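Residue-level structure breakdown
Read off the chains here:
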Protein chains: 2
Amino acid sequence: MQKRMGSVETLPAPTDAVKIIDGAFSFEVQAEEVTLMDAKGRALAEDILADEYLPVFNRSGMDGYSVYAADLKGATKETPVTLPLAGEVLMGKAADTPLAEGTCVYTPTGAAVPEGTESVIMVEDTKKNDDGTISFYKDIEAGKNVILKGSDVFPGKKVLSQGRVLNIADIGSLAALGYTKVKVAKKPLVGIISTGDELIEINEQPKNGQVRDINSTTLALAVEEAGGIAKNYGIVKDEEDKLTAFVKNAIDECDMVLISGGSSMGEKDATEQIIESFGTLVLHGIRMKPGKPTIVGNVDGKPVIGVPGNPISAYFVTRVFVKKILTKMIGAQAEELFVDAILTKNVKENKQRSQFDFAKLSAKDWTTYAEPVKTQSGLMTSMAECDAFFVTLLGNGDRKEGEKVTVHPL
Amino acid sequence: MQKRMGSVETLPAPTDAVKIIDGAFSFEVQAEEVTLMDAKGRALAEDILADEYLPVFNRSGMDGYSVYAADLKGATKETPVTLPLAGEVLMGKAADTPLAEGTCVYTPTGAAVPEGTESVIMVEDTKKNDDGTISFYKDIEAGKNVILKGSDVFPGKKVLSQGRVLNIADIGSLAALGYTKVKVAKKPLVGIISTGDELIEINEQPKNGQVRDINSTTLALAVEEAGGIAKNYGIVKDEEDKLTAFVKNAIDECDMVLISGGSSMGEKDATEQIIESFGTLVLHGIRMKPGKPTIVGNVDGKPVIGVPGNPISAYFVTRVFVKKILTKMIGAQAEELFVDAILTKNVKENKQRSQFDFAKLSAKDWTTYAEPVKTQSGLMTSMAECDAFFVTLLGNGDRKEGEKVTVHPL
């Protein structure tokens, strides 16, 4: 593999790799309709415009009485104004008649106020008298506690933009607008192939030289978390003909293909040869640790990604680069959150590559702490109970205990 | 409702409400077995201990040559040491014979090293000569690049703790240990009832006085995000007998019940009456805005929660308190992340209650900015495109533009 990849100094930094990959592909978003209960985390495939007024009526913002503001002028605790109660608006019903001057109407929170109502004064500022009249202990400005028709939305108002990754609050807005279904980007189908003569199924007992195939599971989960559907092709022996046939089939069936491993045939790299025989090589090698031998190819517009066989490297490459590609495929406007944490241990810079490390997070006194976890290619369970990762860019220098670091939750 | 709830000064602060609710319930975690692909986000119902050695063999950490360290003593670029190549270990296979002193064996990354191997020296520090011998340009310390049997795990080593909410890295560790299934906490079944005479189905057109039922959808999604299964009972008219029958049935069928609305019968509160007729009232009213009229009851050990009808209030109460209860029900060791953001606008303190506000997040130059969003009970679509919420505790004082605030992603 070394032969084609070039020496580490010539490889693109992770940030440059993102740009190279971005420039190599363009995708057309495919849309599908889903119910609101299935819409969480999906990327909108259309702008959402209101086509009605909301609320559809002038609405009470308080449990209280609908009044003309002028009728309560000068009312205080000592000199209350008393008005006859002209009725009550029931929830879900229109008021029977307009508000007559010099009267009041009981209107609970959310009820339609009678026509003419200027303000709603809250029950707490009133008293119901034995004769059925209401005494008001405060005056009120016109417009107070009345939510006007159309003040939420009006026809044509843009509420959500194409590409928005829908959260629960967004879906609440869609429900308010009367949507029961919504057009979202179809999830790309991502084929996942594990290759390596040393691999056995998870439920098998490893013999000397063998390891369990972890990537088929972790890459599938990472793909699904990033908005794709994983199609698992299982373990393929590291024989060029066999692997070529598998990859060809996966490219035909899927929108993207991930191949983990594939460098165990000694000095040649099967994934690279396959990519070059079907399409074009976008990049081979990224100046990162772990993840250096990553390969990206373009076969008829479909990304074909060779990720390292080591599960920790494979996870990082998928979490960072495959996620970026999937985000683009579904047209999502998704930003990574910057979570700041305080390092609890020193971290030595790698002098040659940008370094990706796992961390365990803990919280105390409204501060997040990150304990860096030393992972090593052979130690799969060092991933256990990690919560985030962080990047130490090449040239960043060593990081010190107590230093602030931006972590990315797993 | 005001009658029983007491004045705002007497209500518990949100942090105290969390403690009161925590003290009122104890739960026994129910376990079920799921496959690894279904385990993400689930809380472990057992400790995970290794029952084998991993790796099961001494493993090469590099593409390179297995050697005895003493054989390379003094090797430099100028004075290389040359050794005969005794063979190659294939991936997935055991080495045929032990390493003979004064020889080397090619061992790719991840391959089993021959018995006796002390170190693996990387290909880059060697040269293959025409006669098949290998010249070494560096010496190496004993133990270098050899991952010893059992250095990842050994029988009895604890890898994951009960209550851990599994992420992809955790699941990778489970795969490494040979787990194809894992015992996790069963998802509690949460009944959701919307009540209010003003409510119509989402696909209906509101007439004067009517609003669409948003909570059946948003609360169900919030319950599922927090680890429960939502069972939707739909809209119930605000008539005590009908509501009582619905709630009774939901309590029988579910592990927890949420009732949104229920305060529109004028001055009496149906949810409170129902709770008191079947069980005991845990709290009524929280000193927060929105969310004040929240009711928590305990019916035969099951939480019955009355949340305000206003979708924004209902969401906050579910996101904060119902999530806490669900976390306890599944025995999850889950911590909220503290994400710091810079406010882009001033926020006025509420003088009477701790205040919950939505925010839109954006990222620039490795900093997260939070734009506070003014929500109002009538304006459902103000939730749209919000990304997080933040809390301004009572007594915190006004918050200023440019100030750092801890936000909680939605």
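Residues numbered from 1 in each chain as written. Chains lettered and ligands numbered in written order. Predicted model: local features only at pLDDT ≥ 70, side-chain atom pairs only at ≥ 80, totals over all residues. Heavy atoms only, no water.

**Side note on the overall build of chain A**
Secondary structure assignment for chain A yields seven helices and 27 strands. Relative to the compact-globule value of 22 Å for 410 residues, chain A shows a C-alpha radius of gyration of 31 Å, a clear excess of over 25%. Along the first, second and third principal axes, the C-alpha set of chain A runs to 95 × 50 × 40 Å. The buried share among the 410 residues of chain A stands at 55%. Of the contacts formed within chain A by residues at least 6 apart in sequence, a portion of 72% connects residues at least 24 apart. (Helix = DSSP H or I, 4+ residues; strand = E, 2+ residues; numbered from the N terminus. Rg over C-alpha atoms; globule rule 2.2 N^0.38 Å. Buried < 20%, exposed > 50% of the residue type's maximum accessible area, 1.4 Å probe, protein only. Contact = heavy atoms within 4.5 Å.)

**What about the packing of aromatic side chains?**
A full pass over the atoms with the stated rule returns 18 aromatic pairs over all chains. Measuring from ring centre to ring centre gives 5.5 Å for A:Tyr65 and A:Tyr106, while their planes differ by 70 degrees; the resulting arrangement is edge-to-face. On the criterion of sequence distance, the pair formed by A:Tyr65 in strand β4 (residues 64-67) and A:Tyr106 in strand β7 (residues 104-107) is long-range, its members being 41 residues apart. For the pair A:Tyr65 and A:Tyr106, one class covers both residues: buried. Seen in terms of ring centroids, B:Tyr65 and B:Phe136 are 5.9 Å apart; in terms of plane orientation they differ by 85 degrees. Their pairing is edge-to-face. In this pair, B:Tyr65 is assigned in strand β4 (residues 64-67) and B:Phe136 in strand β10 (residues 134-136), connecting sequence segments 71 residues apart. With respect to burial, B:Tyr65 and B:Phe136 carry one shared label: buried. Put simply, the rings of A:Tyr315, A:Phe316, A:Phe356, A:Phe358 and A:Phe389 touch in pairs and so form one group of aromatic residues. Directly above the aromatic system of B:Tyr137 lies the positively charged group of B:Lys77, at a separation of 4.3 Å from the ring centroid. Of note, B:Lys149 hangs over the ring of B:Tyr53, and the distance from its end group to the ring centre comes to 5.2 Å. (Phe/Tyr/Trp six-rings, centres within 6.5 Å; stacked < 30°, edge-to-face > 60°. Lys NZ or Arg CZ within 6 Å of the ring centre and 35° of its normal.)

**Quick word on the packing of helix α2 (residues 14-24) of chain A against helix α7 (residues 311-329) of chain A**
The geometry of a pair of packed helices is captured by two quantities: the angle between their axes and the separation between those axes. All names here are of chain A. At a minimum axis distance of 11 Å, the contact between α2 and α7 shows a crossing angle of 35 degrees. Considering only the axes of α2 and α7, their crossing is right-handed. Here α2 contributes Pro 14, Ala 17, Val 18, Ile 21 and Asp 22 to the contact with α7, which in turn contributes Phe 321, Lys 324, Ile 325 and Lys 328. Residues belonging to the contact of α2 with α7 are distributed by class as follows: six nonpolar, no polar and three charged. (Axes fitted to C-alpha atoms, helices over the stretch in contact; angles between N-to-C directions. Left-handed = near helix turned anticlockwise from the far one by under 90°. Nonpolar A, V, L, I, M, F, W, Y, C, P; charged D, E, K, R; others polar.)

**Brief notes about the interface of chain B and chain A**
The interface is formed by 89 residues belonging to chain B together with 89 residues belonging to chain A. Roughly 7600 Å² is buried in total at the junction of chain B and chain A, and carbon and sulfur atoms are behind 63% of that figure. Across the chain B-chain A interface, the total number found is six salt bridges. Of the charged contacts in the structure, one is a salt bridge between B:Asp387 and A:Arg164, with a shortest N-O distance of 2.8 Å. Summed over the shared surface of chain B and chain A, the number is 25 residue pairs in polar contact (both at pLDDT 80 or more). Those elements that place two or more of their residues in the side of chain B that touches chain A are β12 (158-160), α3 (168-176), β16 (211-212), α4 (215-225), β23 (339-343), β24 (354-364), β25 (367-373) and β27 (404-409) of chain B. Among the elements that take part in the side of chain B that touches chain A, α3(B) stands out by supplying eight residues, more than any other. Within the side of chain B that touches chain A, the residues separate by chemical class into 42 nonpolar, 27 polar and 20 charged. (Buried area = accessible area lost by both parts, 1.4 Å probe. Salt bridge = Lys/Arg side-chain N within 4 Å of Asp/Glu carboxyl O. Polar contact = N/O pair within 3.5 Å; in protein donor to acceptor, adjacent residues only side chain to side chain.)

**Here we look at the environment of B:Leu174**
Residue and element names in this part refer to chain B. Following the sequence through the fold, Leu 174 ends up in helix α3. Note on Leu 174: relative accessible area 0%, which makes it buried. Placed 66 residues apart in sequence, Leu 174 and Glu 240 show a C-alpha to C-alpha distance of 51 Å. Those residues in contact with Leu 174 that lie beyond four places of it in its chain are Leu 36, Ile 48, Leu 160, Leu 166, Tyr 179 and Val 182.

**Notes on the relation of the copies chain B and chain A**
By a simple turn and slide, chain B fits onto chain A: the slide is 0.1 Å along the axis, the RMSD is 0.1 Å, and the turn is 180 degrees. With respect to symmetry, the two chain copies, as superposed, fit the operation of a two-fold axis. Judged by C-alpha distance, B:Val339 is the residue of chain B that lies nearest the rotation axis, at 2.5 Å. Here 100% of the interface residues in chain B have copies in chain A that are interface residues too; the copies meet face to matching face. (Least-squares fit on C-alpha atoms with pLDDT ≥ 70 in both.)

**Side note on the pairing of strand β18 (residues 256-261) of chain B**
Residue and element names in this part refer to chain B. The element β18 is largely enclosed, with a buried count of six among its six residues. Across six bridges, the pairing between strand β14 (residues 189-195) and β18 is parallel. Pairing of Ser 194 across the sheet is with Ser 260, part of β18. Where β18 lies against strand β22 (residues 302-307), four bridges are found, and the strand directions are parallel. Each bridged residue has a counterpart across the sheet, and for Val 257 the counterpart in β22 is Val 304. (Pairing = 2+ DSSP bridges.)

**Structural notes on the packing of helix α5 (residues 240-253) of chain B against helix α6 (residues 270-278) of chain B**
Residues and elements named next belong to chain B. At a closest axis distance of 10 Å, the pairing of α5 and α6 adopts a crossing angle of 55 degrees. For the element pair α5 / α6, the angle class is oblique. The handedness of the crossing between α5 and α6 is right-handed. Along its contact with α5, which presents Glu 240, Leu 243, Thr 244, Val 247, Lys 248 and Ile 251, the element α6 presents Ala 270, Gln 273, Ile 274 and Phe 278. (Parallel < 35°, antiparallel > 145°, perpendicular 65-115°, else oblique.)

**So, the domain arrangement of chain A**
Partitioning chain A into domains gives domain 1 (2-29 + 186-329), domain 2 (33-53 + 156-185), domain 3 (59-147) and domain 4 (339-409). Look at where the C-alpha atoms of domain 3 of chain A and domain 4 of chain A centre, and you get two points 60 Å apart. (Domains from an automatic or database assignment.)

**Description of the environment of A:Glu198**
All names here are of chain A. Mapped onto the fold, Glu 198 is located in the loop between β14 (189-195) and β15 (199-200). The exposure class of Glu 198 is buried, given its relative accessible area of 12%. Considered as a pair, Glu 198 and Ile 229 are 31 residues apart in the sequence and their alpha carbons are 27 Å apart.

**Some points on the sheet that holds β4(B)**
Working definition: the strands of a sheet are paired by backbone hydrogen bonds and lie parallel or antiparallel to each other. Residue and element names in this part refer to chain B. The strand order across the open sheet formed by four strands is β6-β7-β4-β8, and the pairing between neighbours is mixed. Pairing within the sheet leaves two strands with one partner each, and these edge strands are β6 (85-88) and β8 (119-122). Strand-to-strand twist across the sheet, computed as the mean angle between neighbouring axes with direction ignored, equals 30 degrees. Here β4 runs beside strand β7 (residues 104-107); their pairing, made up of three bridges, is antiparallel. Bridge pairing links Gly 64 to Thr 107 in β7.

**With respect to the environment of A:Leu394**
All names here are of chain A. Within the element layout of this structure, Leu 394 appears in the loop between β26 (388-392) and β27 (404-409). Owing to a relative accessible area of 33%, Leu 394 belongs among the partly exposed residues under this scheme. Taking the C-alpha atoms as reference points, Leu 394 and Leu 258, 136 residues apart in sequence, are found 27 Å from one another.

**Thoughts on helix α2 (residues 14-24) of chain B**
Owing to its 3.6 residues per turn, the α-helix aligns residues three or four sequence positions apart on the same side. Residues and elements named next belong to chain B. Listed in full, the buried residues belonging to α2 are Pro 14, Ala 17 and Ile 21. Summarising the axial view, the buried residues of α2 lie within an arc of 50 degrees, below the 170-degree limit, and thus occupy one face. Along α2, exposed side chains directed more than 90 degrees from the buried face belong to Lys 19 and Gly 23. Elements in contact with the buried residues of α2: β19 (280-284), β20 (288-289), β21 (295-299), α7 (311-329) and β24. (Arc of directions from axis to C-beta.)

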